[in-house]
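Commentary on secondary and tertiary structure
Each chain, written out:
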Amino acid sequence: MNARKLAPLAIALPLGLSTCLFAAAPASAAETWTFQSNLAQLNDSGTSGQAWVEVEGNTADITVNVSGAVPDSPHAQHIHIGGQGVCPTMDADDNDDGIVSTPEGQGSYGGVKVSLTTEGDTGADSAVAVDRMPAGDGYTYERTVDLSDDVIQDISDGSASVVVHGIDANGDGEYSGDAKSPLDEELPLEATAPAACGELQLSPQGGMDTGAGGTAGGGMNMNAGLIGLGGVLAATAVGGAVAARRLRHDS
């Protein structure tokens, strides 16, 4: 083979290898990946917080810190997947009632895939299981759950958001009003309207302590991964270059 023809292979090999390494990385059961979300208010709720999802294999340790929520009331909370993988703005208020309902926000954050209940089922069927959701104007939720391969992949792909529900639009300190929830007609609209939302993203190296708006430990070491990847690519490129020189010499 002509040495000039071999040279592009020396370049293509490391490029192809880098693609394979990045594509395969999230599937490594031996690694622990931490994803973080800063929860910003929706519907002028005054609710905010942070969420962390630490994944190892199919097991996830989930932490959600919430403040400024409706006091003495349960707050449905979920991992939503699909849509555009983002949190909605007030532009999503299709019926112009001044409140972005959960269905109106689905075009942005998708449907419920994981219900962050305090006990029992965590599937989509428990989306409005308000008797098994945390309550109060401020709380810390912690639970270890099993996630499907599809959900883990969606989180890794950046298409998942954490949404906390429950607002007090009329300021009476509780869930009330004539408008009914589109998810459960036995509940007022305020009970299920989204109050805070944040997209889950891979935590940076190091991070910050839980509650400080950063990440709990255990996230992917991005710098170390890139350094290791650089070494592999460099070694592969050198191998290709050596092969090219040998071929020129033999020719």
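Note that this is a predicted model, so its numbers are computed, not measured.

1. Side note on the overall build of the protein chain
Counting secondary structure elements, the protein chain contains 5 helices and 9 strands. The N-to-C order of helical and strand elements in the protein chain reads α-β-β-β-β-α-β-β-α-β-α-β-β-α. Out of the 251 residues in the protein chain, the part that is buried amounts to 41%. Within the protein chain, counting contacts between residues at least 6 apart in sequence, those at least 24 apart form 67% of the total. Surface accessibility of the protein chain: about 12600 Å² in total, with carbon and sulfur atoms responsible for 51%.

2. Some remarks on the state of the cysteines
Here is the idea: a disulfide is a covalent bond, and it sits between the sulfur atoms of two cysteines. A full pass over the atoms with the stated rule returns 1 disulfide. Covalent S-S linkage joins Cys87 and Cys197, the inter-sulfur distance amounting to 2.0 Å. With the S-S dihedral at roughly -80°, the linkage between Cys87 and Cys197 falls on the left-handed side. Here the residue Cys87 occupies a position in the loop between strand 4 (77-81) and helix 2 (102-109), and Cys197 occupies one in strand 8 (residues 194-199), the gap between them amounting to 110 residues. The buried category is assigned to Cys197, whose relative accessible area is 3%.

3. Section: unusual backbone geometry
For Asn43, which is not a glycine, the phi torsion comes out positive at approximately 55°. Under the relative-accessibility criterion, Asn43 is labelled buried at 13%. Of note in this structure, Asp96 is not a glycine but carries a positive phi near 55°. Within the element layout of this structure, Asp96 appears in the loop between strand 4 and helix 2.

4. Remarks on the environment of Gly120
With respect to the element layout, Gly120 can be found in the loop between strand 5 (111-115) and strand 6 (139-146). Gly120 sits 12 residues away from Arg132 along the chain, and the two C-alpha atoms are 7.9 Å apart.

5. Examining the pairing of strand 8
Most of strand 8 sits out of view: 5 of its 6 residues are buried. Examined bridge by bridge, strand 1 (residues 32-41) and strand 8 share 2 bridges and lie antiparallel to one another. Counted as the bridge partner of Ala40 is Cys197 from strand 8.

6. What to know about helix 2
Listed as buried for helix 2 are Thr102, Glu104, Gly105, Ser108 and Tyr109. Taken around the axis of helix 2, the buried residues stretch over an arc of 150°, which confines them to a single face.

7. With respect to the nonpolar core
Of all hydrophobic cores here, the largest spans 27 residues; its most connected members are Val53, Ile62, Val64, Ile79, Leu147, Ile155 and Leu200. Discounting chain neighbours no more than four positions away, the residues touching Ile62 are Trp52, Val53, Ile79, Leu116, Tyr141, Glu142, Arg143 and Val145.

8. Things to note about helix 3 (residues 149-156)
Within the sequence span of helix 3, burial applies to Val151, Ile152 and Ile155. Taken end-on, helix 3 shows its buried residues confined to a sector of 100°, consistent with a single buried face. Opposite the packed face of helix 3, turned more than 90 degrees from it, sit the exposed residues Asp149 and Asp150. Positive backbone phi, at 85°, marks Gly158, one or two positions downstream of helix 3.

9. Description of the side chain of Thr34
Counting through the fold element by element, Thr34 comes out in strand 1. Of the polar contacts made by the side chain of Thr34, one reaches the side chain of Glu54; its length is 3.5 Å.

10. Observations concerning the side chain of Thr102
For Thr102, the position within the fold is in helix 2. A distance of 3.2 Å separates polar atoms of two side chains, one belonging to Thr102 and the other to His165. With near-sequence residues (within four places) excluded, Thr102 lies in contact with His80, Tyr109, His165, Leu183, Thr192, Ala193 and Pro194.

11. Description of the confidence of the model for the protein chain
Low pLDDT marks stretches whose predicted atomic positions should not be read closely. Residues with a pLDDT of 70 or more make up 69% of the protein chain, whose mean pLDDT is 79. Here residues 206-251 is a poorly scored stretch, pLDDT under 50, and it has 67 contacts once near neighbours within four places are set aside; other chains count.

12. Describing the pairing of strand 3 (residues 59-67)
By the bridge criterion, 9 bridges tie strand 2 (residues 48-56) to strand 3 in an arrangement that is antiparallel. In the sheet register, Gln50 faces strand 3, and the bridge partner there is Asn65. Linking two consecutive strands that pair antiparallel, namely strand 2 and strand 3, is a turn of 2 residues; a positive phi of about 65° is found at Gly57 within it. Both strand 3 and strand 6 contribute to a ladder of 8 bridges, which runs antiparallel. Each bridged residue has a counterpart across the sheet, and for Thr59 the counterpart in strand 6 is Asp146.

Calculation rules
Residues numbered from 1 in each chain as written. Predicted model: local features only at pLDDT ≥ 70, side-chain atom pairs only at ≥ 80, totals over all residues. Heavy atoms only, no water. Helix = DSSP H or I, 4+ residues; strand = E, 2+ residues; numbered from the N terminus. Buried < 20%, exposed > 50% of the residue type's maximum accessible area, 1.4 Å probe, protein only. Contact = heavy atoms within 4.5 Å. Areas by Shrake-Rupley, 256 points an atom, 1.4 Å probe, with all protein chains shown as cover. Disulfide = S-S within 2.5 Å. Pairing = 2+ DSSP bridges. Arc of directions from axis to C-beta. Core = buried A, V, L, I, M, F, W, Y, C linked by side-chain atoms within 4.5 Å. Polar contact = N/O pair within 3.5 Å; in protein donor to acceptor, adjacent residues only side chain to side chain. pLDDT = per-residue confidence, 0-100.

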